[in-house]
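What follows is each chain in one-letter form.
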Amino acid sequence: MQFWIDVLNTGLIIAVFAVSLSVLLGAAGQLSIAPAGLGGVGGYVAGYLSVYHHVDFLPALIAGTAAAGVLGLALGFPALRLGADYVILLTLAFATVVVAVFEAIPALGGTDGLFGLKAAAPFGSPLLSPSSFLPLVAIVAAACFAFCWRLNSSPFGRVLRGIREDSDATAAVGKNTVAFKILTFAWTGAVMGAGGVMLVYYQQIASPAQFSFDVTTTMVAAVVIGGMGNLLGAFVGALLLEAIGPLLEKVVKVSPTTASLWQAIIYGLILVVVMRLRPIGLIPEGVEVRSGSRALARFANHRGGLPGRAAGTPSGSAALGTSAVASTDGSDHGVASDANETDGMLATTGTDQRLDELATEVTLSHTITAHVADHPVEVPHLAMPAHTDGQATGAFAVQAAGLVKSFGGIQAVRGLNIALEEGKVTALVGPNGAGKTTVFNLLTGRIRPDGGSVTLRGRVITHLPPYKVARLGMARTFQDVRTFLRMTVAQNVMLSVPGQSGEKLSELFFRPHRIGRDERQAREGALRCLEFVGLEDRADQLAGGLGFGDQKLLAIARLLATGADILLLDEPASGIDRANLEPVLEVIERLRADGSTICLVEHNLDVVSRLADHVLFMELGRVVAEGTMEQITGQPELAEVYFGSA
Amino acid sequence: MTFSELIQAIVNGIVDGSLWGILAIGFGLILGVSGRFHFAYATTFVVAIYVTAHLHTGGMPLAAAIVLGVVAAVLLGVLIEGYLYRPLVAAAGATALLAVFVTSLGVVVIGENVIRLVWGSAPLTLPTGYMVTRVSLGGGVGVTTLDLVIAGVGVVVTAALWSFIRHAQYGRAIRAVQENPDMATAVGVQPERVYLFVFAVGSALSGIAAILLTQQTAGAPDAGVEPTFTALVAVFLAGLRSSPIRFMLAGVFIGLLQNVVTIWINGLWSPVVTFGLLFVYLAFLPYLEAHPLRLRLPRSRAHALGQT
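Residues numbered from 1 in each chain as written. Chains lettered and ligands numbered in written order. Predicted model: local features only at pLDDT ≥ 70, side-chain atom pairs only at ≥ 80, totals over all residues.

Asker: Help me understand the overall build of chain B, please; the structure alone is not making it clear to me.
Answerer: The helix and strand tally for chain B stands at 11 helices and 2 strands. Counting from the amino terminus, chain B carries its helices and strands in the arrangement α-α-α-α-β-β-α-α-α-α-α-α-α. Relative to its length of 308 residues, chain B is compact, with a C-alpha radius of gyration of 20 Å against a globular reference of 19 Å. Considering only C-alpha atoms, chain B reaches an extent of 65 × 50 × 35 Å along its principal axes. Intrachain contacts of chain B at a sequence separation of at least 6 include 76% that bridge at least 24 residues. (Helix = DSSP H or I, 4+ residues; strand = E, 2+ residues; numbered from the N terminus. Rg over C-alpha atoms; globule rule 2.2 N^0.38 Å. Contact = placed C-beta atoms within 7 Å.)

Asker: Teacher, can you tell me more about the overall build of chain A here?
Answerer: Broken down by element type, chain A carries 24 helices and 10 strands. Counting the 646 residues in chain A, one finds 56% classified as buried. Taking all contacts inside chain A whose residues are at least 6 apart in sequence as the whole, residues at least 24 apart take part in 76%. (Buried ≥ 20, exposed ≤ 12 C-beta atoms within 10 Å, placed from the backbone.)

Asker: Where do I start with the interface of chain B and chain A in this structure?
Answerer: When the parts of a complex come together, some accessible area is lost, and that lost area is often taken as the interface size. The partner chain A presents 38 residues to the 41 residues of chain B that form the contact. Every element with two or more residues in the side of chain B that touches chain A is listed here: helix 3 (62-92), helix 4 (96-119), helix 9 (225-238) and helix 11 (269-290) of chain B. In terms of residue count, the dominant contributor to the side of chain B that touches chain A is helix 4 of chain B (15 residues). Considering only residue class, the side of chain B that touches chain A consists of 33 nonpolar, 7 polar and 1 charged. (Nonpolar A, V, L, I, M, F, W, Y, C, P; charged D, E, K, R; others polar.)

Asker: Hey, could you run me through the environment of Leu553(A) in this one?
Answerer: Residue and element names in this part refer to chain A. Summarising the element assignment, Leu553 is placed in helix 20 (residues 548-561). Assessed through the 30 C-beta atoms surrounding it within 10 Å, Leu553 is described here as buried. Here the alpha-carbon distance between Leu553 and Gly227, two residues 326 residues apart in the chain, equals 31 Å.

Asker: It is not clear to me how the nonpolar core should be interpreted in this structure. Could you clarify?
Answerer: All names here are of chain A. One finds Ala18 and Ala557 to be the most contacted residues of the largest nonpolar core, which totals 305 residues. When residues of this core are assigned to their parent elements, the largest contribution, 15 residues, is made by helix 4 (residues 84-104). Each of domain 1 (2-285) and domain 2 (331-370 + 377-643) gives at least three residues to this core. Setting aside anything within four residues of it in sequence, one finds Ala557 in contact with Val493, Cys529, Leu530, Phe532, Val533 and Leu535. (Core = buried A, V, L, I, M, F, W, Y, C linked by C-beta atoms within 7 Å. Domains from an automatic or database assignment.)

Asker: Got a minute to help me understand the sheet that holds strand 8 (residues 597-601) of chain A in this structure?
Answerer: The strands that make up a sheet are held in pairs by hydrogen bonds between backbone atoms, and each pair lies either parallel or antiparallel. Residue and element names in this part refer to chain A. Strand order in the open sheet made by the 6 strands is 6-7-8-3-9-10, with mixed pairing throughout. Edge strands, defined here as strands with exactly one partner in the open sheet, are strand 6 (474-476) and strand 10 (622-627). For this sheet, the mean angle separating the axes of adjacent strands, direction not counted, is 20°. Note that strand 9 (residues 614-619) and strand 10 share 5 bridges and pair antiparallel. Across the sheet, residue Leu616 finds its bridge partner in strand 10, namely Glu626. Packing against the sheet, helix 15 (residues 436-443) makes contact with strand 3 (425-429), strand 6, strand 7 (566-570), strand 8 and strand 9, and its axis sits at approximately 145° to strand 7. (Pairing = 2+ DSSP bridges. Axes fitted to C-alpha atoms, helices over the stretch in contact; angles between N-to-C directions.)

Asker: It is not clear to me how the packing of helix 2 (residues 41-57) of chain B against helix 8 (residues 191-216) of chain B should be interpreted in this structure. Could you clarify?
Answerer: To describe two helices that pack against each other, one gives the angle between their axes and the distance between the axes. All names here are of chain B. Remark: helix 2 packs on helix 8, axes separated minimally by 8 Å, with the N-to-C direction vectors making an angle of 55°. Taken together, the axes of helix 2 and helix 8 are oblique relative to one another. Our pair here, helix 2 against helix 8, has a crossing hand that is right-handed. Every residue of helix 8 that contacts helix 2 at Tyr41, Thr44, Phe45, Val46, Ala48, Ile49 and Thr52 is listed here: Ser203, Ser206, Gly207, Ala210, Ile211 and Thr214. Split by residue class, the contact of helix 2 with helix 8 holds 7 nonpolar, 6 polar and no charged. (Parallel < 35°, antiparallel > 145°, perpendicular 65-115°, else oblique. Left-handed = near helix turned anticlockwise from the far one by under 90°.)

Asker: Can you walk me through the pairing of strand 1 (residues 134-138) of chain B in this structure?
Answerer: On a regular strand, each side chain points to the face opposite its neighbour's, so the side chains alternate between the two faces of the sheet. All names here are of chain B. The buried count for strand 1 comes to 0 of 5 residues, which makes it a mostly uncovered element. Alignment of strand 1 against strand 2 (residues 141-144), held across 4 bridges, turns out to be antiparallel. Bridge pairing links Val135 to Val143 in strand 2. Hairpin remark: strand 1 followed by strand 2, antiparallel, with 2 residues in the connecting loop; positive phi at Gly139, about 65°.

Asker: Would you explain the domain arrangement of chain A in this entry?
Answerer: Residues and elements named next belong to chain A. Domain boundaries in chain A define domain 1 (2-285) and domain 2 (331-370 + 377-643). On the domain 2 side, the residues contacting the 20 residues of domain 1 number 29 residues. Across the side of domain 1 that touches domain 2, the residue classes tally to 8 nonpolar, 5 polar and 7 charged.

Asker: Even after reading the chapter, I still don't get the sheet that holds strand 4 (residues 451-456) of chain A, so can you show me in this structure?
Answerer: Residues and elements named next belong to chain A. With antiparallel pairing, the 4 strands of this open sheet are ordered in space as 2-1-4-5. At either end of the open sheet lies a strand with only one pairing partner, and these are strand 2 (410-421) and strand 5 (459-460). Across 5 bridges, the pairing between strand 1 (residues 396-407) and strand 4 is antiparallel. Looking across to strand 4, one finds that Gln399 is bridged to Thr455. Where helix 15 meets the sheet, it contacts strand 1, strand 2 and strand 4, and its direction lies at approximately 65° from that of strand 2.

Asker: Teacher, can you tell me more about unusual backbone geometry here?
Answerer: Leave glycine aside and you will find that most residues have negative phi; peptide bonds, for their part, are mostly trans. All names here are of chain A. If you check the backbone angles, His54 has positive phi at about 50° while not being a glycine. Relative to the helices and strands, His54 resides in the loop between helix 2 (35-53) and helix 3 (57-80). One non-glycine residue, Glu571, adopts positive backbone phi at about 50°.

Asker: Is there a simple way to think about the environment of Arg116(B) in this case?
Answerer: On the secondary structure map, Arg116(B) appears in helix 4. Ignoring sequence-local partners within four residues, the contact set of Arg116(B) consists of Leu261(A), Ser121(B) and Pro221(B).

Asker: What am I meant to see in helix 1 (residues 3-34) of chain B here?
Answerer: Because an α-helix packs 3.6 residues into every turn, residues spaced three or four apart end up facing the same way. Taking 1.5 Å per residue, 32 residues should reach 46 Å; helix 1 of chain B reaches 45 Å between its end C-alpha atoms and fits that length. Looking one or two places after helix 1 of chain B, you find Gly35(B), whose phi comes out positive at around 75°. (Expected span 1.5 Å × (residues − 1).)

Asker: What is the right way to read the confidence of the model for chain B from this model?
Answerer: When pLDDT is low, close inspection of the predicted coordinates is not appropriate. Residue and element names in this part refer to chain B. Summing up the model confidence of chain B, the mean pLDDT is 88 and the portion of residues at 70 or higher is 94%. In this model, residues 293-308 is a region of pLDDT below 50 whose contacts with residues beyond four sequence positions or in other chains number 18 contacts. Scoring the predicted complex yields pTM 0.81 and, for the interface, ipTM 0.86. (pLDDT = per-residue confidence, 0-100.)

Asker: Explain the environment of Ala28(A) here, please?
Answerer: Residues and elements named next belong to chain A. Looking at the element boundaries, Ala28 is found in the loop between helix 1 (2-27) and helix 2. Looking at Ala28, the number of C-beta atoms within 10 Å reads 26, which means it is buried. Sequence separation of Ala28 and Ala579 is 551 residues, and the distance between their C-alpha atoms is 37 Å. Once you skip the residues sitting within four places of it in the chain, Ala28 turns out to touch Val23, Leu160, Ile163, Arg164, Lys181 and Thr184.

Asker: Explain the pairing of strand 10 of chain A to me, please; I cannot follow it from the model alone.
Answerer: Taken across its 6 residues, strand 10 of chain A has 6 buried, putting it largely inside the fold. Between the end of strand 9 of chain A and the start of strand 10 of chain A, which pair antiparallel, lie 2 residues, with Leu620(A) showing a positive phi angle near 50°.

Structure below.
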């Protein structure tokens, strides 16, 4: 019996590692393979304290956990800015260095390891046999599992999955992705440290072999079997893996040595076969945390081909999977002839126009009343503190002056001035490579300008990161929509809701009631946004199953949920066919009617002339002309720039 | 530490470094061209020495056994690419990097333990086939004839691959795929075939280095892991898409560092220094990329910002 309890104890300890690794690897998508290294830090710290300073189990556990957490944090900082292959390498190097350091320091016992720990005695008497140790392991494993589970299935975990799917897009809806990643590295590191402490106390030795590369392989195998990001799977996977060798030994009656070899071979085969069959792991992550069976049903539904949309929603016949991605060429040519027919008037061609001149110009041409952001309309704005400040600046929501940006030797933007009028739709048009998307990147802080400034309602935001810009009320969509494909439609939108208490770890663990309430509110808010764009009946489907047109609508819903009222839409109409175009345009028109400030980058000039109050024509990183659509299309020179000489 | 000890450490460092350099060239070719994080490089490494030892103890002449050992490594490498990685990358899409790494981890574990089952876990030695004598370089400093062979193979491998990639027609195809697989496809190069080719060459180099290293010290079922780690360090220090010369120099640099650390502190600290170096380098890489030094060793990879 002690034999199997021993297996169970070891399995539970490995499960602690596997579960935290599953959060990091699966949910957050960080390719860190340092669990054994961090476990080693925890284990050796506890072992050292016990052997040399006769510290009791509980303080040693806390110290080991904290030490691993701090190192996990330190590991998170460089990992943040590195590409995925470098992160694998960084964590690999870390794990190797840690073990090598233990081997090199004589006081830590070198390659033999550190002996002579004081047996753990948290309940009074020392725990010496596997069965007496089992309650302690069970308690620690349960605590670690509960911690990781809470982390993973909360709004915090939702942000992690957003980061995994698309870090930039997550930052663009106002999430401080850097802080989330760092915190995840630190807390999962702490859990791994706790696992290391348990391993050291259980085996009464801290040795390099306990934290070697082979151990990492076991942990990765457990995560892979369980499915990346599926914590219960990782937990069960670890127990199963640990049982393979003992089963071979007892059932097939092979020697312990041979059993351990076969156990390792089976690990390896599992890794190879599972990756081949299902690269995201054996068991799916679970589409929805709230109810497993419903999620599975939906998953099956999704796989079996989704039904057409219910009647009464905007994009009626959007056929999924086959959603035609129409080339925009057709419509562009149509507009080209338009442009030639219209005989309009030149507004401005001054390329070195100053901002103040521009300001006067625009104020004169459109008599406007300063728009106040408190629109009492059905735009589902959630509480958004940013709206209350900086309202007094008047006509312009956003002003950028003298923006300069070069990439290598190429000047993408050279002295650009742009002002977005409150409550109006401004369109940026111009040939490919004019720098239109770069303007969005500069305005939202995704790239930093080499010179110039950006002001949002009187506040300078030139050097703010994207998530802060989004929180101040300016958010953008991306040309390539950047849907979080492996999350549901509702989760995509809920992620954007600002100020969720469940994203703060202190609230997450100490104020559960508030989390539940906030979560309901976030979902209601998300559903309102989805209703606004007409996707409410697909809220609980996987976003990856949406057609491209619907994904564009989802991107807008995501934008609305941030509470932003300055919306930068990067090619909202590109890549979708005419049938799916209309709902997108209607949504934008309703947003305009509700008083949002909108800036469009768009190639389809039909769309621009229908939506835009004001058009800026860009070429080679500058605004070369501006005015109404008629004024712009009336200039043969511009048409030539845009469409090539006739 | 006397002066002659230091010189001896430098000489040893160059010899060891030649081995790391050969391994780095092979690993760098695979990673730089195909983008596969081929950790199972450690497996082609051990397969070469075990096949060679098996054939030789079975009575085959050493030279033939070595050739077949290297051929076995090549076959294994090509099979891994063709039957494991390629379909995996096609299926895994965005998570391909992790999938390839996890698969190669699995291959390493399988390879190591199958070898233990078949040939046991005892250390393995390989004869050189010639008398290993010590050649004095004066002042108490010397090298063995095996050391000279190792350094010589290092020079030949570096020169051969450098001139092949630079001048041969197929070498140009490799560079084209390295720069941009899609463009290479457009001009008629098949990336899949180039990948198989670099896996073949890289695996051959892992086998050659493995046999030399085993002749110098000894082999074991897990003997491939640490050299692969070291090769990784060299590859990343040199920069992923470097020329063979640069990989070799990075390898020699690590060899020197390890040997100097060994006589300066002790041998136990040498892996700490090697991987610590990589760790520090990676930790500061983002900073280095933002503020390039003029004398910077690596060539940074182009980080394409998603702007159009």
